[in-house]
Amino acid sequence: MTSSPPEAAAAVAGLLELWHSYRLVILVAITAVGTVTYIYRTAYRRSKTSLSLSTPPSPLVPSEKIPWTRDSKVVEARADSEFAKLPSKVDLKQNKPTSGPKIVQGKKQVKARGAQRSPEQSESPFFIQPVIFFSSLTGNTERFAHTVLENLRSAAQAYSKTDRGRGLLPPQMHDLSYIDFDDHFTAAPKPPSSSPNTQYFYCLLIPTYNIDTIINTFLGHLEETHHDFRIDTAPLAPLTGYSVFGFGDREGWPTEEEGFCSQAKELDRWMAKLTGGKRAYPLGLGDTKSDASSSLAEWSSGVKEILYDILANGGLGDGVAGSGDAFESDEEDLENTPGESNTRKPRKAAASGSVLDLEDIKFNVESQNPGAGSAPLPVDFTTFGKEASNPITQPAAKEMVPKKSPTYTALTKQGYTIVGSHSGVKICRWTKSALRGRGSCYKYSFYGIKSHLCMETTPSLSCSNKCVFCWRHGTNPVGTTWRWKVDPPELIFQGVKEGHYKKIKMMRGVPGVRAERFAEAMRIRHCALSLVGEPIFYPHINEFLSMLHGEKISSFLVCNAQHPDELAALDRVTQLYVSIDASNRESLRKIDRPLHRDFWERFQRCLDILREKRHVQRTVFRLTLVKGFNVDDEITGYANLVEKGLPCFVEIKGVTYCGTSSSAGAGLTMKNVPFYEEVAEFVVALNNELQRRGLKYGIAAEHAHSCCVLLASERFFIGGKWHTRIDYDRFFELLEKEKRDGTSFMPEDYTRETEEWALWGNGGFDPNDERVYRKGRNKTALPPAAS
């Protein structure tokens, strides 16, 4: 039966009235139901995605699936089910996870690099799970990865017997061709619930190919992860650390500039970005046709030591100011990937009055402003009154650098490690440069000292001069006599070694540091007693030198020619320097600003002593040229000093401007820094004057990068070739023989031929290192090399 038109109209009218009366309530109800449904489905999808994330199994939780095998063979059988029969690669490939893109959420890591564990965490068992990743086409890298696997497995077994509260777990290994990158490199693996304090350590071994391989896909994945705005800036920061080793072939690509191990270097940079800078050990490189096995063994040993350190200390370490700041290197910050800007925001300028490490500051002539900023307050311990002679009324000796003093604070801010109360140690910029393969200082060109094997220290932070070019104005004490507490040489010797090694260890995370040089640096071979202050001022300097020589550490001692009595009593050193900063009394007073009133007489006596020692010691005059102070019209005066002292060598070096306002107040500006051409011109003029006087000297070597040239006595021109380098093994043999039976020896008895690249006219830069130009250089990507 159908409704009549009036009834239908009435029904429609009723529905419309009902809708207008309750439409708001209906709309709110529909919206609420839809929202709840959407939230529920989203939460369900996320929970399902998180369950699909694969975490490498820990031996603490027995598992039947271990992600590595050797062609379906049983790797190891144990009763405790620590290892099980391993699946084949085919099975791994078939069982590869097929889940879709994973959503990684979390907050940006704010925990400092290498931060130590909390007390609550320290009380719980702490384990490190090493995970080895490799890629191989020919099987070489796979074979090397097995070697690392066995080494880390042995290390895990050895450590498990020492401390049950923490341990190194047996390593896991993955072939990059058979894993899902999202499972391991989009987010860090989560520890098993039974052992929440388990942390993962990644070891990555890859070759470099000039063809498209899985490595290109892998590197592309890391780049995409880094640039993905949905993922944390450092998603792998929870890792306890990582290290990379690369294999290459030097036959086709002899140098790193031409692409040797370029893909390993790229992997190292991406891992540094994704982990927040947790490079636990420097990048290792090996040539598959020559030194791959030895280089890998050295790298593997270093990684094991780092793992032990992490277990002992709970982290990579907090670092030491001024001795390993990763931002000192422009390797990662300037060599950006395609699409990124090749610019870098400069650091914020230090607050006025703060103390800077001025050795590494780069200055610009146009922008240099001597009056800018404020200088650190000078700390002068000099007194000119008579000292008390009555032992009863004489006060007890005070510390030269008390720990709560402004001097201590200023020096430690500059990167010094203060040892005892008056000694210090610091690594210089050349040490950092040599660790990265960027060249050593002039001492390597002239004398064969590799900078990364050299410790720069001083047993006395005090000095008797206030030189205008010194970069430590106001931060080191000065004085004419020793009136402070004297620390025993044993304390100083052990303290400076520990301080040096600690600073070297903090360089392991700096971009570009080479693994083989880092390993070499952990054995001190040379000691430059020239850091700051006057080392010969220390009352027990001979005992300190004896300790250095006892461990076959060569000694290079620099004095300022103001302590003739101490100089005369000095025992044999490997090489003895005297600073010759001026050729006449007035210039010396203006440049060195000595505290002794009889400074010129002391200076002359020291030259006489050096003349007497020239057949026993390798003696060196160190000339620092300062334009406007000691360059113009002083050739004759310098020749007179050389004729008086007859040193074995004369080093002529342009001054390095320190940039402090205190130096500017002394009249020193950037205009006083000579160009290398001016230094070379001065050297030629001085050599001609010496030749005119019949003095047998010649220009032997140069290091243009340091603005330094070496004049040498013809005593070291042997067989038509210069022999300015030192045979250090021979030196210690002769020194031991002299102590045993009193047989003396001469400087000519422990010389070696100067390298051709270091000779005058060849620049003096080691061709085995990479020259880095910091100004106006164009960065270009390196082509991949084959292996």
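Residues numbered from 1 in each chain as written. Predicted model: local features only at pLDDT ≥ 70, side-chain atom pairs only at ≥ 80, totals over all residues. Heavy atoms only, no water.

Q: Explain the overall build of the protein chain residue by residue, including any values.
A: The helix and strand tally for the protein chain stands at 22 helices and 20 strands. Across the 787 residues of the protein chain, 50% fall into the buried class. Summarising the internal contacts of the protein chain: among those between residues at least 6 apart in sequence, 78% fall at separations of at least 24. Entry remark: accessible area of the protein chain is about 37300 Å², with carbon and sulfur atoms responsible for 53%. (Helix = DSSP H or I, 4+ residues; strand = E, 2+ residues; numbered from the N terminus. Buried < 20%, exposed > 50% of the residue type's maximum accessible area, 1.4 Å probe, protein only. Contact = heavy atoms within 4.5 Å. Areas by Shrake-Rupley, 256 points an atom, 1.4 Å probe, with all protein chains shown as cover.)

Q: Any details on the sheet that holds strand β14 (residues 649–654)? Residues and values, ideally.
A: One open sheet accounts for 10 strands, arranged β7-β8-β9-β10-β11-β12-β13-β14-β16-β15; its pairing is mixed. Each edge of the open sheet carries a strand with a single partner, namely β7 (417–419) and β15 (697–703). Averaged over all pairs of adjacent strands, the angle between their axes in this sheet comes to 25°, without regard to strand direction. (Pairing = 2+ DSSP bridges. Axes fitted to C-alpha atoms, helices over the stretch in contact; angles between N-to-C directions.)

Q: Describe the environment of valine 578, and please don't skip the residues or the numbers.
A: Inspection of the secondary structure assignment puts valine 578 in strand β12 (residues 575–580). Setting aside anything within four residues of it in sequence, one finds valine 578 in contact with Cys559, Ala561, Leu610, Val620, Phe621 and Arg622.

Q: Quick rundown of the packing of helix α18 (residues 599–613) against helix α19 (residues 635–645)? Include the residues and the values.
A: Relative to each other, α18 and α19 sit at 45°, their axes nearing to 7 Å. The angle between α18 and α19 falls in the class oblique. Along its contact with α18, which presents Phe603, Gln604, Leu607, Asp608, Leu610 and Arg611, the element α19 presents Leu641, Glu643, Lys644 and Gly645. (Parallel < 35°, antiparallel > 145°, perpendicular 65-115°, else oblique.)

Q: Break down the side chain of serine 706 for me, with residues and values.
A: Along the chain, serine 706 falls in the loop between β15 and β16 (708–713). When its relative accessible area of 8% is taken as the criterion, serine 706 is described as buried. Of the polar contacts made by the side chain of serine 706, one reaches the side chain of histidine 703; its length is 2.7 Å. Ignoring any residue separated from it by four or fewer positions in sequence, one finds serine 706 in contact with Trp430, Tyr442 and Lys653. (Polar contact = N/O pair within 3.5 Å; in protein donor to acceptor, adjacent residues only side chain to side chain.)

Q: I'd like a rundown of the confidence of the model for the protein chain, residues and numbers included.
A: For the protein chain, mean pLDDT is 78; residues scoring 70 or higher make up 74% of the total. Here residues 106–114 scores under 50 on pLDDT; set against residues more than four positions off or in separate chains, the count is 20 contacts. For residues 660–665, every residue scores under 50 in pLDDT, and the model assigns this stretch 15 contacts once sequence neighbours within four places are set aside. (pLDDT = per-residue confidence, 0-100.)

Q: Give a description of the packing of aromatic side chains that names residues and reports values.
A: If you walk through the whole model with that rule in mind, you get 27 aromatic pairs. On the basis of an interplanar angle of 85° and a centroid distance of 5.7 Å, the ring pair of tryptophan 482 and tryptophan 484 is categorised as edge-to-face. When its relative accessible area of 18% is taken as the criterion, tryptophan 482 is described as buried. Exposure remark for tryptophan 484: the relative accessible area of 6% places this residue in the buried category. Members of the aromatic cluster, each reached through a chain of ring pairs, are Tyr442, Phe446, Tyr447, Phe556, Tyr577, Phe649 and Phe716. Its guanidinium or amino end placed over the ring of phenylalanine 144, arginine 143 lies 4.6 Å from that ring's centre, counting from NZ or CZ. One residue, arginine 250, lies across the ring of phenylalanine 260, its end atom 3.9 Å from the ring centre. (Phe/Tyr/Trp six-rings, centres within 6.5 Å; stacked < 30°, edge-to-face > 60°. Lys NZ or Arg CZ within 6 Å of the ring centre and 35° of its normal.)

Q: Talk me through the pairing of β16; I want residue IDs and the actual numbers.
A: The buried fraction of β16 is high, at six of six residues. Where burial is concerned, the two faces of β16 agree: the one with Cys708, Leu710 and Ala712 and the one with Val709, Leu711 and Ser713 are both buried. Sheet analysis places β15 next to β16, joined by six bridges and oriented antiparallel. Paired with isoleucine 699 across the strands is leucine 711, a residue of β16. Here β15 folds back onto β16, and the loop between the two strands holds four residues, one of which, cysteine 707, carries a positive phi near 55°.

Q: Please set out the pairing of strand β9 (residues 454–458) residue by residue, giving values where relevant.
A: Most of β9 sits out of view: five of its five residues are buried. The two faces of β9 match: Cys454, Glu456 and Thr458 on one face and Met455 and Thr457 on the other face are all buried. Judged from the three bridges that link them, strand β8 (residues 423–426) and β9 form a sheet pairing that is antiparallel. Looking at the pairing, glycine 424 lines up with threonine 458 of β9. As paired elements, β9 and strand β10 (residues 526–529) share four bridges and run parallel to each other.

Q: Give a description of the nonpolar core that names residues and reports values.
A: By size, the foremost hydrophobic cluster in this structure holds 80 residues, and its most contacted members are Leu548, Ile580, Phe621, Leu623, Ile652, Phe682 and Leu686. Residue contributions to this core peak at seven residues, all from α18. Among the nonpolar cores identified, the runner-up in size contains 39 residues, and Ala155, Cys203, Trp299 and Ala515 belong to it. (Core = buried A, V, L, I, M, F, W, Y, C linked by side-chain atoms within 4.5 Å.)

Q: Can you explain a nonpolar patch on the surface? Please cite residues and give values.
A: Nonpolar side chains collect at one region of the surface, where Leu15, Leu18, Trp19, Tyr22, Val25, Ile26, Leu27 and Ile30 lie side by side and expose about 810 Å² of accessible area between them. Within the secondary structure, tyrosine 22 sits in helix α1 (residues 5–52). Residue classification places tyrosine 22 among the partly exposed positions, given a relative accessible area of 47%. (Patch = residues over 30% accessible without salt bridge, like charges linked within 9 Å, V, L, I, M, F, W, Y side chains within 5 Å. Salt bridge = Lys/Arg side-chain N within 4 Å of Asp/Glu carboxyl O.)

Q: So what's going on with helix α21 (residues 676–692)? Residues and values would help.
A: It helps to recall that an α-helix has 3.6 residues per turn; residues three or four apart then point in one direction. Its 17 residues give α21 an end-to-end C-alpha distance of 24 Å, which sits within 8% of 24 Å, the value for a rise of 1.5 Å per residue. For α21, the complete set of buried residues consists of Tyr676, Val679, Ala680, Phe682, Val683, Leu686, Asn687, Glu689 and Leu690. Buried-residue contacts for α21 involve β13 (619–625), α19, β14, β15 and β16. Of the residues trailing α21, glycine 694 is marked for its positive phi of about 85°. (Expected span 1.5 Å × (residues − 1).)

Q: Give me the lowdown on the side chain of serine 433, citing residues and values where you can.
A: Looking at the element boundaries, serine 433 is found in helix α11 (residues 429–435). By relative accessible area, which is 13% here, serine 433 ends up buried.

Q: How would you explain the pattern of salt bridges if you had to name every residue and give the values?
A: The tally for this structure, following the rule as stated, stands at 22 salt bridges. With a closest N to O distance of 3.4 Å, glutamate 150 and arginine 153 form a salt bridge. Placement of both glutamate 150 and arginine 153 in helix α4 (residues 140–160) is noted, with a separation of three residues, approximately one turn of the helix.

Q: Mind laying out unusual backbone geometry, listing which residues take part and the relevant values?
A: Positive phi, close to 55°, is recorded for lysine 552, a residue that is not glycine. Relative to the helices and strands, lysine 552 is located in the loop between α15 (541–550) and β11 (554–559). Relative accessible area serves as the criterion here: at 48%, lysine 552 is assigned to the partly exposed category. Phi angles above zero are rare outside glycine, and alanine 561 is one such case at about 60°. Tracing the backbone shows alanine 561 in the loop between β11 and α16 (564–568). Note on alanine 561: relative accessible area 1%, which makes it buried.

Q: Which residues make up the packing of helix α17 (residues 585–592) against α18, and what are the values?
A: Each pair of packed helices gets described by two things: the angle between the helix axes and the distance between those axes. Relative to each other, α17 and α18 sit at 105°, their axes nearing to 10 Å. As far as their axial angle goes, α18 and α17 are roughly perpendicular. Mapping the contact onto sequence places Arg585, Leu588 and Arg589 in α17 and Phe599, Trp600, Glu601 and Phe603 in α18. Considered class by class, the residues forming the contact of α17 with α18 number four nonpolar, no polar and three charged. (Nonpolar A, V, L, I, M, F, W, Y, C, P; charged D, E, K, R; others polar.)

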